[in-house]
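Descriptive analysis of the structure
What follows is the residue order along each chain.
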Amino acid sequence: MASTPNAAATVASARHSHLSHPVQAQNGQGRPKRPHDANGNSKPWKQKKTKREKNITEGSSEEVLRRDIEALLASRGFTTDPEETSGTTQESGLLPEQGTETEVEVLELSSTGDGLAMRSGSNQVYVVPFTVPGDVAKVKVFRHIPREHQTVADFISIVKPSSLRDDARIQCKYFSSCGGCQFQMLDYVEQLRLKKRVLEKAYRNFSNLPSELVPAIQDTIGSPLQYGYRTKLTPHFDGPPGFRPSKRKAAKVSFESCPDIGFMQKGKRKVLDIEDCPIGTSAVRLGMARERERMQSEFRNYHRGATILLRENTHRYPKDSQDGDQPPKEDALPPYTARTEGDDFIDIKTCETDSKATTTEFIGNHTFTNPAGSFFQNNNSILPKFTAYVREHILPPPSNSPIRYLIDAYSGSGLFTITLSSVFQHSTGIDIAADSIASARNNASLNGLGEDRCQFIAADAGELFKSVTYPADETVVVLDPPRKGCDADFLGQLRTFGPKRILYVSCNVHTQARDVGILVRAEGDGARYDIESLVGFDFFPQTGHVEGVAILNRCDQPTTENGGTEKDP
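Keep in mind the model is a prediction, meaning the values are calculated, not measured.

**A word on the sheet that holds strand β18 (residues 426-431)**
Here we have seven strands laid out as an open sheet, ordered β19-β18-β17-β20-β21-β23-β22, and mixed in their pairing. The sheet is open, and its two edges are formed by β19 (454-458) and β22 (528-537), each paired on a single side. For this sheet the average axis-to-axis angle between neighbouring strands, irrespective of direction, equals 15°. Note that β18 and β19 share five bridges and pair parallel. Bridge assignment links T428 to a residue of β19, and that residue is Q455. Packing against the sheet, helix α3 (residues 188-206) makes contact with β22 and β23 (547-555), and its axis sits at approximately 155° to β22. Of the strands in this sheet, β21 (501-506), β22 and β23 are in contact with helix α5 (residues 383-393), which crosses β22 at around 155°.

**Concerning the environment of R528**
Mapped onto the elements, R528 comes out in strand β22. For the pair R528 and D556, spaced 28 residues apart in the sequence, the C-alpha separation amounts to 7.7 Å. A polar contact is formed between the side chain of R528 and the side chain of D530, at a distance of 3.4 Å.

**Some details on the UniProt feature "binding site: S-adenosyl-L-methionine" (unreviewed entry) in the protein chain**
If you check UniProt for "binding site: S-adenosyl-L-methionine" (unreviewed entry), the listed places come out as Q377, Y410, D431 and D480 in our numbering. For Q377, the location among the structural elements is in the loop between β16 (366-371) and α5. Using a relative accessible area of 5% as the deciding quantity, one classes Q377 as buried. With sequence-adjacent residues up to four places away left out, Q377 is seen in contact with T231, R311, E361, L383, L415, D480, F539 and E547. Relative to the helices and strands, Y410 is located in the loop between β17 (405-409) and α6 (415-419).

**Things to note about the UniProt feature "active site" (unreviewed entry) in the protein chain**
Summarizing the sequence annotation, UniProt attributes the feature "active site" (unreviewed entry) to C507 in the numbering used throughout. Tracing the chain through its elements places C507 in the loop between β21 and α9 (509-521). Since its relative accessible area comes to 27%, C507 is described here as partly exposed. In contact with C507, other than residues within four places in its own chain, are R483, V546 and E547.

**A look at the state of the cysteines**
Linking two cysteines covalently via their sulfur atoms produces the bond known as a disulfide. Applying the stated rule across the entire model yields zero disulfides. As a non-bridged cysteine, C277 has C172 as the owner of its nearest cysteine sulfur, 6.2 Å distant.

**What to know about the packing of helix α8 (residues 488-497) against α9**
Packing of α8 against α9 brings their axes to within 11 Å, and their N-to-C directions diverge by 40°. Of the two possible hands of crossing, α8 and α9 adopt the one that is right-handed. Only D515, I518 and L519 of α9 make contact with α8, whose side of the interface consists of L491, L494 and R495. Across the contact of α8 with α9, the residue classes break down as four nonpolar, no polar and two charged.

**Overview of the sheet that holds strand β13 (residues 338-341)**
Read across the open sheet, the four strands follow the order β7-β12-β14-β13; overall the sheet is antiparallel. Each edge of the sheet is formed by a strand with only one pairing partner; in this case those strands are β7 (232-233) and β13. In this sheet, strand β12 (residues 310-318) lies alongside β7 in antiparallel orientation, the contact comprising two bridges. Each residue of the ladder has a partner; that of L233, found in β12, is L310.

What counts as what
Residues numbered from 1 in each chain as written. Predicted model: local features only at pLDDT ≥ 70, side-chain atom pairs only at ≥ 80, totals over all residues. Heavy atoms only, no water. Pairing = 2+ DSSP bridges. Helix = DSSP H or I, 4+ residues; strand = E, 2+ residues; numbered from the N terminus. Axes fitted to C-alpha atoms, helices over the stretch in contact; angles between N-to-C directions. Contact = heavy atoms within 4.5 Å. Polar contact = N/O pair within 3.5 Å; in protein donor to acceptor, adjacent residues only side chain to side chain. UniProt positions renumbered as here; feature names shortened; annotations may be inferred. Buried < 20%, exposed > 50% of the residue type's maximum accessible area, 1.4 Å probe, protein only. Disulfide = S-S within 2.5 Å. Left-handed = near helix turned anticlockwise from the far one by under 90°. Nonpolar A, V, L, I, M, F, W, Y, C, P; charged D, E, K, R; others polar.

And the structure:
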């Protein structure tokens, strides 16, 4: 990519939608290439994982979908054992040919956000995006996977709508093409109900715990904003025709016209040109318009595909300020700038595209700055409610062993360490990334917190608790790992340290359920835990994603042979 004075794009190492929905590898005709082994024989087809999914084993989207299909078939009396299905249900040879159209009835919604549909008399489940239970949909058969009783299908139209569906709710003209959103046709209360079910299924399928050890899932806590909430988007564009990313020394190929800029088209390895994304904040949407306009004149400077960073940045002006630093009036705002007003402040919001530039945002009375390209929660509207919930539940009910200390593992730029600082005598944030620790220390200073209140440690992954001297009986640990969850080594370190209480936050409730199950089963040496509560937060309205919060308490009774305690009946 050529360097430009306003180089807002960075080379994309992988093509995926801004919500990282799994996409299928495509050939030049828009269909996946059929894989073959060394002898030329075709191999069973598997959906290609996105970059974020590649390091996820148990709890991947592929496995989540498979479990949901098995549950649907079992509920209708079908077996999923390939050895037992022959002659009992419709055979794969009678399935509609790939590329043909058919009608299916949607019976269930997978935790991936796709509808699960069937045809009368068949044990084959059709995976159909943009549908909800009760829909009768016309679909185009894409690929049959007989051994998994699965057919991947492209959505064409609704023949008979479900009572849950109201297409008048849809606020994006790209819905049913873009791979980002799944639920815009649903009432928001129904979206929250479905996300509660996602959490329920995650713990049923991946915790490996008996139901009596898993408390009832609480109602999902909704986002104050259902649109206009995302403070970060990353639209992208593919390289020019003839560009081959594998050939680094190949001659440069130029664009003849401005490329399509947007997000992945659902089910295809192709960028969908998107002018506007209504789930982005006003500043981000203005930034998207600005960057699209810039690319109209600068596209010839690019010789390969790239991702464009769009990150909201906030300048806050207190209303009672008496100095000369006053916000611009609404009619005097600079181009591509948004203005919002709270009870005590006025925010001027812009969109940053330089990944190394510093951006600022506010959560209640706390200020956070981060490099624009770094990770930070992307729904600012729910963060005050979310951090308040964590603050209210971080401590157990009054006991003889009060908790005075916090360890914030995977601390990032210090979100939990800083927003929980008033609750604890002292707190420690731990992360393996030195740049995250640098941001966290800066944020602590911005919020008036010295080392007498909190510290941040860049620790080696294998010795995360080595520098912590807090008594385990007086310590709570907050976990907020990446999508892949915690690895076995970390969970072993955690159980060896044995904090009195754990609060586990996760953007992937399936890997969270797996990890929580390990803490509760407590095989081998280390502390054992009981689950106090489970609840979801809707950080991503209009999508199938849900954030999970699990609270666990160390079980101090001796463990019996069956995994219970001496106090268990």
